[in-house]
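Survey of secondary and tertiary structure
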Amino acid sequence: LLAAMTLARTGHAAQANAVADELRRDFPSHTMVQGYALPMLDAGMKLHAQDHAGAVRALQPASKYELSNWGPLPNLYAAYLRGLALLQLRDGAAAAIEFRKVLEHRGLVGRAGIGALARLQLARAQHLFGDQAAALKSYEAFMALWQDADTDTPIYREAAAEYRRQQEIVRRASS
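Residues numbered from 1 in each chain as written. Predicted model: local features only at pLDDT ≥ 70, side-chain atom pairs only at ≥ 80, totals over all residues. Heavy atoms only, no water.

Quick look at helix 6 (residues 92-104) now. Look at helix 6: 18 Å from first C-alpha to last across 13 residues, which is about the 18 Å you get at 1.5 Å a residue. For helix 6, the complete set of buried residues consists of G92, A95, A96, E98, F99, V102 and L103. Take helix 6 and look down its axis: the buried residues cluster within an arc of 165°, on one side only. In this structure, the buried residues of helix 6 make contact with helix 5 (77-88), helix 7 (106-109) and helix 8 (113-128). (Helix = DSSP H or I, 4+ residues; strand = E, 2+ residues; numbered from the N terminus. Expected span 1.5 Å × (residues − 1). Buried < 20%, exposed > 50% of the residue type's maximum accessible area, 1.4 Å probe, protein only. Arc of directions from axis to C-beta. Contact = heavy atoms within 4.5 Å.)

Here it is, written out as structure tokens:
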């Protein structure tokens, strides 16, 4: 499942679909495979294909299981994927709800990377729906978590640039 999601998110749809078809065939009555894992795989492929509305639709069955502790993917990964899709659909308020789910359930998320990345995505969602002060705080929280990160990491460089722009937006608004 983890390999299939990696394939789905990196654009190897044929291989991801082959694994998904295998899971559909081998586990036809497994609730978590059919209702949770496969919708996430489908959403991962749709996200990579820029079908963001399709990703949100694909994740509908997974919503009732997203607080479960099952499988190799991070807990609340369905909420994180839904948030990413909603962010791309420019629905910042709805995306923020999904990223807050991840942040509000730290015990389930543990040290999974989506815990830290949800802070960055929440900042982006808050910026999108116009809550610039909250966005700045979320960027600051993300930057504090990643203060010892390799500064050449693409996600860190993007976040640092966005953070500087957000600081300027808030500074101008308060002047």
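That shown, we press on.
With that settled, consider the nonpolar core. Among the nonpolar cores identified, the biggest contains 40 residues, and M5, M40, Y77, Y80, L81, F99 and V102 are the most heavily contacted of them. Non-local contacts of F99, meaning those with residues more than four positions away in its chain, are made with Y80, G83, L84, L87, A118, Q121 and L122. One finds L136, F142, W146 and A159 within the second-largest nonpolar core, a separate group that totals twelve residues. (Core = buried A, V, L, I, M, F, W, Y, C linked by side-chain atoms within 4.5 Å.)

Keep in mind these numbers describe shape, not what the thing actually does.
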